Amino acid sequence: MAMVLSFERFLDAHEVRIKYDALALACAQLGAAGRPHRARKIVAQRIIEAMEKGERDPTRLCIFGLAALEPMIIGSSKDGATESAEVRALFPAA
């Protein structure tokens, strides 16, 4: 059985670059400690979801992506309360 993926819309070249930059920032935050592929996949999916909701700032996209791994990442940041509030505003179920 073939799997068909559907997208609401395609990303243009500029948006693809934004997504790439946000994911690169997130991966840099995760470090080279051998994070599993699954963690990177979860972060990338969250970045895509945030872009679908209109976010285009790579730094904020990075924060939203890393928030998917909460509390390990956000809970250890200096400004975790603010970031978590931003994440909850964009992803109420997060």
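Bear in mind the structure is a predicted one, so any value in this text is a computation, not a measurement. (Residues numbered from 1 in each chain as written. Predicted model: local features only at pLDDT ≥ 70, side-chain atom pairs only at ≥ 80, totals over all residues. Heavy atoms only, no water.)

Is there a simple way to think about the overall build of the chain in this case?
Helix and strand counts for the chain come out as 4 helices and 0 strands. For the chain, the proportion of its 94 residues judged to be buried stands at 30%. Intrachain contacts of the chain at a sequence separation of at least 6 include 58% that bridge at least 24 residues. With the model as given, the accessible surface of the chain reaches about 6400 Å², and the carbon-plus-sulfur share is 59%. (Helix = DSSP H or I, 4+ residues; strand = E, 2+ residues; numbered from the N terminus. Buried < 20%, exposed > 50% of the residue type's maximum accessible area, 1.4 Å probe, protein only. Contact = heavy atoms within 4.5 Å. Areas by Shrake-Rupley, 256 points an atom, 1.4 Å probe, with all protein chains shown as cover.)

Would you explain helix H2 (residues 37–52) in this entry?
Owing to its 3.6 residues per turn, the α-helix brings residues three or four apart onto one side. Taking 1.5 Å of rise per residue, the 16 residues of H2 would be expected to cover 22 Å, and the 23 Å separating its terminal C-alpha atoms lies within 8% of that figure. Listed as buried for H2 are Ala-39, Val-43, Arg-46, Ile-47, Ala-50 and Met-51. Looking straight down H2, one finds that the buried residues subtend no more than 140° of arc, so they occupy a single side. Along H2, the residues that are exposed and aim more than 90 degrees away from the buried face are His-37, Arg-38 and Lys-41. Following H2 by one or two positions, Gly-54 has its phi on the positive side, about 110°. (Expected span 1.5 Å × (residues − 1). Arc of directions from axis to C-beta.)

Quick question: what am I supposed to make of the pattern of salt bridges here?
When the charged atoms of two side chains lie near each other, side chains of opposite charge can form a pair. Tallying each qualifying case throughout the model produces 4 salt bridges. When the shortest N-O distance is used, the salt bridge between Asp-21 and Arg-17 registers 3.2 Å. Of this pair, Asp-21 and Arg-17 both sit in helix H1 (residues 13–30), 4 residues apart, which is roughly one turn of that helix. A relative accessible area of 26% means that Asp-21 is categorised as partly exposed. (Salt bridge = Lys/Arg side-chain N within 4 Å of Asp/Glu carboxyl O.)

I keep staring at the confidence of the model for the chain and nothing clicks. Help me out?
Regions with low pLDDT should not have their predicted coordinates read in detail. Taken residue by residue, the chain gives an average pLDDT of 74. The fraction at 70 or more is 61%. Predicted confidence in the chain is weakest over helix H4 (residues 80–90), with a mean pLDDT of 56, and strongest over helix H3 (residues 58–67), with 93. Counted against residues more than four places away or in other chains, residues 1–6, with its pLDDT under 50, gives 0 contacts. In this model, residues 73–77 is a region of pLDDT below 50 whose contacts with residues beyond four sequence positions or in other chains number 10 contacts. (pLDDT = per-residue confidence, 0-100.)

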